[in-house]
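Topology and contacts: notes
Spelled out, the chains give:
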Amino acid sequence: MTAFRLASRTIRRYRAQTGLAVAGVAVIGALLFDMLLLSRGLLLSFGDLLDRAGFDVRVSGGGGMSLRLPIPDSSSLVAAIRALPEVRRAAEIRIQTAILRTRVGRPVGITLVGADGANEGGWTIVAGTDLTALPAPPPRCPLIVGRPLAVQLGVGPGDAVALAIEPAGTATALPSLECRIVGVAQFAFGTATDDTVATTLGAFHEAAGEVGEDEAELILVSSTREAGPMAAIEAIQRVRPGARAYSNEQVVEQFNRNGFAYFRQISLVLSSLTMAFAFLLVATLLTVSVNQRLGEIAALRAIGIGRARVAAMLLWESALLVGGGGLLAIPLGEILATGLDRILRQMPGLPEQLHFFVFEPRALAIHLVVLATTAIAAAAYPVWLATRLPIAATLRREVVG
Amino acid sequence: MRFIVAALVVGATAVGLAAEPHPILVSRQLAARAHLAVGDRVTLAVDPQGSRRAEFRVAGIYEPTPDPMRFTTARLEAQLHLPDLIDLAADPADPASRESLTALNVALVDPASARQFGVDLQARAPGTQAQRTARSQSDDPFAVLERFHVAISAVTMIGGTAFLLALMVIRAEERRETVGVLRLVGISRRTLLASVALEGVVIASLGAVFGVLLAVATEGLVNAIFQARYDTTLVFVRVTPSIALRAILVAAPLGIVAGLGASWTLLRRNILSIVRR
């Protein structure tokens, strides 16, 4: 009889304890799997959000990607960037705090985005039309309102609102601009309480009372497939030496170093702990189980089954317990990840479309390697016990006992 | 009143000047990064070109108050007297900038009147925003993290219970014949179940106490690793008496359930099958 058949018979014989051990490994394995998904989940999700926006290079005026300073003489820079052979398209973004007044209700503070060509991927229209497909005659100040804000204000496409720019910390007496909501959208980086409203760059300038002011906060660039983002960055820096241009990968890396490090660390700590926990528990179960079957193992040795086959049998037992639990852990982990993701996404200020637990084949491969290592390590001590067993003395003790 | 500013140190000099520069405090992290010591003279500027700059004297080095919201960022900070900061940062072309503040901290006589205070302030000074320094449960990221950690603990506990149950099943099976003999001499199922439940409580409680001791023993190590990693004095792990008590109180009933569950499969059989007759 092969070692595998011996192991599977033993496991079938002790059904209750096998079932419980597999259930335990499945739960702990699910947690381990989730921690592996968490370790890079935010980065993958964030990178995906950036990529989905349709631009692979971001040019800012300094202060990093979180604190954006205006880009001086941005219009000429955008024109120069659009003329580069490495660039497919470029969009100019202005961001400003503002006040939005509906016909009824209290005025609300909003984040106004003036965008020129950024709509493709920057937001998804859920009702009405986009800024690029305005009804004729086009309104003087068309607005795209974020879904949470539209729900909060009870407004929709066709509604008229008044918009007044109000820079943070500055008293202003700028007159309101009559605007019309043309669409409701889900912004790529919009939060659950998103207060973003987008309009055309022309309407933004008019609302801000700007004439000749030329300081975009952000320029989004899409490189050509042949050139790629790094070549586009080099070309931009040739056009404007000292320009702060970042590829999506560089932005993700910057967030990885700052904002997302905590979750990477906690997933490392928790996955190490769960692995140690799984090892201890499987090793304890196997050791107790071997101690319970010392007579049986001695009898197997006495009828000619060699040390190697007994060792292989115990390794198979460990592999079947950990393997069975590990396989169950994958669907269980997916279910658990959905629940944990829902909890973490309640964190204030996070984009609605950002996820903490993201599946990637690498996580599955690590999960399987870790479980295989755990199975081998957990079987080491029981194997040592079983293979060094004095056959005659053990059998005698069993009979006398 | 002092104000915090993230400023760029463009140079340190030991050249003596006639007028004594105004004092500033620099954070420990900035002092280490810029190799500053008490008494050094530094130049702070509001832009990389150094178009508006002023010289200061390092009067002291301080440890920034740990902030859980900012522990991943290097605390490169300097504290200036407010008039010094205004002189340095105010835009000469905009006289109103000398009258602007980013924030004001207010301690109310009656903290319960915070909401009314905010309404009154906004009525008197339109455009200002008053908010409580204490976060509400709905916008506190740490409340979310706590829920996440509780969920992870619950999952770990379920896994641990399954293993405890498996161990108790093995132990019950080991003592099958002893249990059979005890039943034969007249000891009731209820008494045996009570003894098993007690054993479960003892095992689970000892495990929980060991876990708490392990957590206390490794608390310092975990804190040391994270504090070194993020260069902060923030405490990441703290085993409080209430947490320790909660762990033990949760473990004890699980021990009873595991003990009873494992023994019931054995005890519900008739005596002869227990003694294999």
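Keep in mind the model is a prediction, meaning the values are calculated, not measured.

**Considerations on the overall build of chain A**
Across its full length, chain A carries 13 helices and ten strands. Relative to the compact-globule value of 21 Å for 401 residues, chain A shows a C-alpha radius of gyration of 31 Å, a clear excess of over 25%. Its C-alpha atoms give chain A principal-axis dimensions of about 100 × 50 × 35 Å. The buried share of chain A, taken over its 401 residues, is 52%. Sequence separation of at least 24 residues holds for 80% of the intrachain contacts in chain A that already meet a minimum separation of 6. Accessible area of chain A: about 18,200 Å², with a carbon and sulfur share of 61%. Once the 35 positive and 32 negative side-chain charges of chain A are each reduced to a mean point, those two points are 18 Å apart.

**Topic: the domain arrangement of chain B**
Taken domain by domain, chain B comprises domain 1 (7-103), domain 2 (104-134) and domain 3 (141-275). The C-alpha-based centres of domain 2 of chain B and domain 3 of chain B are spaced at 49 Å.

**Examining the environment of T2(A)**
Note on placement: T2(A) falls in the segment before α1 (3-13). Along the backbone, T2(A) and R309(A) are 307 residues apart, and their C-alpha atoms lie at a distance of 7.6 Å.

**Points about the interface of chain A and chain B**
The partner chain B presents 30 residues to the 39 residues of chain A that form the contact. For the pair chain A and chain B, the summed buried area comes to about 3,000 Å², and 81% of that belongs to carbon and sulfur atoms. On inspection of chain A and its partner chain B, the count reaches zero salt bridges. In this structure, the connection of chain A to chain B is made through one residue pair in polar contact (both at pLDDT 80 or more). Only α2 (15-52), α9 (261-292) and α11 (307-344) of chain A provide two or more residues apiece to the side of chain A that touches chain B. Among the elements that take part in the side of chain A that touches chain B, α9(A) stands out by supplying 15 residues, more than any other.

**Examining the nonpolar core**
Core analysis: the largest hydrophobic core is formed by 87 residues, its most contacted members being L38(A), F263(A), L340(A), L344(A), F356(A), F357(A) and F148(B). Examining the composition of this core, we find that 19 residues originate from one element, α2(A), more than from any other. Apart from the residues lying within four places of it in its own chain, the contact partners of L344(A) are L38(A), F263(A), L350(A), F356(A), F357(A), V144(B), L145(B) and F148(B). Listed in part, the 24 residues of the second largest apolar core include L177(A), I181(A), F204(A) and A208(A).

**A closer look at the domain arrangement of chain A**
Buried accessible area, meaning the area lost when the parts come together, often serves as the stated size of an interface. All names here are of chain A. Considered domain by domain, chain A is made up of domain 1 (3-50 + 260-400) and domain 2 (57-227). Distance between the C-alpha centres of domain 1 and domain 2: 51 Å. Contact with domain 1, which involves eight residues of that partner, is made by eight residues of domain 2. Looking only at domain 1, the three residues that lose the most surface to domain 2 are L50, E352 and Q353, adding up to 59% of its buried area.

**Let's talk about empty space enclosed by the protein**
Residues and elements named next belong to chain A. With the rule as written, the count across this model stands at four cavities of 30 Å³ or more. Estimated volume of the largest cavity: approximately 140 Å³. Around the largest cavity, the lining is made up of 13 residues, and of these Q17, T18, S289, E317 and L321 lie nearest the centre. Of all the secondary-structure elements, those providing two or more residues to the lining of the largest cavity are α1, α2, α9 and α11.

**Looking at the environment of T72(B)**
All names here are of chain B. Mapping T72 onto the fold places it in the loop between β5 (53-62) and β6 (78-81). T72 sits in the buried class, given a relative accessible area of 19%. Linking T72 and R229, residues 157 residues apart in sequence, is a C-alpha distance of 9.1 Å.

**Examining the packing of aromatic side chains**
In this structure the tally under the stated criterion is nine aromatic pairs over all chains. Arranged with centres 5.9 Å apart and planes meeting at 70°, the rings of F46(A) and F189(A) form a pair that is edge-to-face. Placement of the pair is F46(A) in helix α2 and F189(A) in the loop between β7 (177-187) and β8 (196-200), with a sequence separation of 143 residues. A network of ring pairs unites the aromatic residues F226(B), Y230(B) and F236(B) as a single cluster.

Rules used throughout
Residues numbered from 1 in each chain as written. Chains lettered and ligands numbered in written order. Predicted model: local features only at pLDDT ≥ 70, side-chain atom pairs only at ≥ 80, totals over all residues. Heavy atoms only, no water. Helix = DSSP H or I, 4+ residues; strand = E, 2+ residues; numbered from the N terminus. Rg over C-alpha atoms; globule rule 2.2 N^0.38 Å. Buried < 20%, exposed > 50% of the residue type's maximum accessible area, 1.4 Å probe, protein only. Contact = heavy atoms within 4.5 Å. Areas by Shrake-Rupley, 256 points an atom, 1.4 Å probe, with all protein chains shown as cover. Lys, Arg positive; Asp, Glu negative; His and termini not counted. Charge placed at Lys NZ, Arg CZ, Asp CG, Glu CD. Domains from an automatic or database assignment. Buried area = accessible area lost by both parts, 1.4 Å probe. Salt bridge = Lys/Arg side-chain N within 4 Å of Asp/Glu carboxyl O. Polar contact = N/O pair within 3.5 Å; in protein donor to acceptor, adjacent residues only side chain to side chain. Core = buried A, V, L, I, M, F, W, Y, C linked by side-chain atoms within 4.5 Å. 1 Å grid on protein atoms, 1.4 Å probe; cavity = no way out; pocket = protein on both sides within 12 Å on 5 of 7 lines; lining within 4 Å. Points joined across faces, edges and corners; volume = space filled by probe spheres on them. Phe/Tyr/Trp six-rings, centres within 6.5 Å; stacked < 30°, edge-to-face > 60°.

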